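One-letter residues, chain by chain:
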Amino acid sequence: MKTKFKNNSKVQGFTLVEMIGVLAVVAILTAMLIPKVFETINRARISSAAAAVNTVKTSVAAHYSKFGGFADSSGTLLTPATVGASADAAAFDTTVLLPDGMLEKRFSVKIGDQLATNKVQVRQIEAAADADAITATSASYDMDGVDTDVDTNDGSLLCECIITGVSAADARALKEEIDGSDITAIANLPAVGGAATKGRVKYDTIAPGATGTVYVYINHN
């Protein structure tokens, strides 16, 4: 006698309506998460740039401690009278800090056109007089953001980072990252595209779709 077994189990799959529902949920989640992913990536780029600036600050402080001032690649101290004629002052990171072991690699950031020749650099210049207007290109900084008086000394040597080809959004984000709550009035943080003349990060007005040069204070003696 043969025994017959009856299989009562039924194989069930997704219906078309269920599949459409799942795809709709996936599409909604993707639309919500992708902007957050891009925002996180952009924030990481800005934080990386700020970290690179801090690395330069540490290197410059070590260099100053070693030589008792800012020196060229031969170890000769630079003065306001010689800094303008020194090729080492125009590319302080690659000609002095890097060869002397103060930096592990040349100053570079993930914003702007850093891949272009001499577009990202650390330089030294003679600080401007207190009465001079503070602009993006002037050799002066109002780092506390309280007034228009410069906080760098007339005739001193000023060290700064220069980043070219920076978008308006990245310029403001870098300023917020570096200056942040250190600026007395939050109003000193400009709107995207506006000029910044107060604090340690400064730049001129950057038109929509255009790029500009950002200057970041490092140190002065």
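Residues numbered from 1 in each chain as written. Predicted model: local features only at pLDDT ≥ 70, side-chain atom pairs only at ≥ 80, totals over all residues. Heavy atoms only, no water.

### Topic: the pattern of salt bridges
Stated precisely, the cut-off is as follows: In the sections that follow, a salt bridge refers to a side-chain nitrogen of Lys or Arg positioned within 4 Å of a carboxyl oxygen of Asp or Glu. Secondary structure elements are taken from DSSP: a helix is a run of H or I of four residues or more, a strand is a run of E of two residues or more, and numbering for both begins at the N terminus. For every residue, the accessible area obtained with a 1.4 Å probe (protein chains only) is divided by the maximum for its type, and the residue is called buried under 20%, exposed over 50%, and partly exposed between those limits.
For the coordinates displayed, the defined rule picks out seven salt bridges. Salt-bridge contacts for R123 lead to E160; the nearest nitrogen and oxygen are separated by 2.8 Å. Taken together, the positions of R123 in strand β1 (residues 120–126) and E160 in strand β2 (residues 157–167) put the pair 37 residues apart, joining distant regions of the chain. Judged by its relative accessible area of 22%, R123 is partly exposed. Beyond isolated ion pairs, a larger network of salt bridges with shared partners links K175, D179 and R200.

### Comments concerning the nonpolar core
Basically, it comes down to this: We define the nonpolar core as a collection of buried residues of types Ala, Val, Leu, Ile, Met, Phe, Trp, Tyr and Cys that are connected through side-chain atoms lying within 4.5 Å of one another. Whether two residues are in contact is decided by their heavy atoms, any of which lying within 4.5 Å being enough.
Judged by nonpolar contacts, the single largest core of 37 residues is most densely connected at V60, F92, F107, I111, L174, V214 and V216. Secondary structure elements with two or more residues in this core: α1 (16–67), α4 (92–97), β2, α5 (168–178) and β4 (211–220). Element by element, the count of residues in this core is highest for α1, at seven residues. Leaving out residues up to four positions away in the same chain, F92 has contacts with V60, H63, F70, A71, L97, V122, R123, Q124 and C159. In terms of nonpolar packing, the next biggest core, distinct from the first, is built from eleven residues, A127, M143, L158 and I162 among them.

### Some details on the confidence of the model for the chain
The predicted coordinates ought not to be read in detail in places where the model reports low pLDDT. Rules: The predictor rates its confidence in each residue with pLDDT, a number between 0 and 100.
In this model, the chain carries an average pLDDT of 79, and 76% of its residues clear a pLDDT of 70 or more. Ranking the elements of the chain by mean pLDDT puts β1 last, at 79, and α5 first, at 91.

### A word on the state of the cysteines
Convention followed: Cysteine sulfur pairs qualify as disulfides if the two atoms are within 2.5 Å.
Counted by the stated rule, this structure contains zero disulfides. Not part of a disulfide, C161 finds its nearest cysteine sulfur in C159, a span of 6.6 Å. C161 gets classed as buried once you look at its relative accessible area, which sits at 0%.

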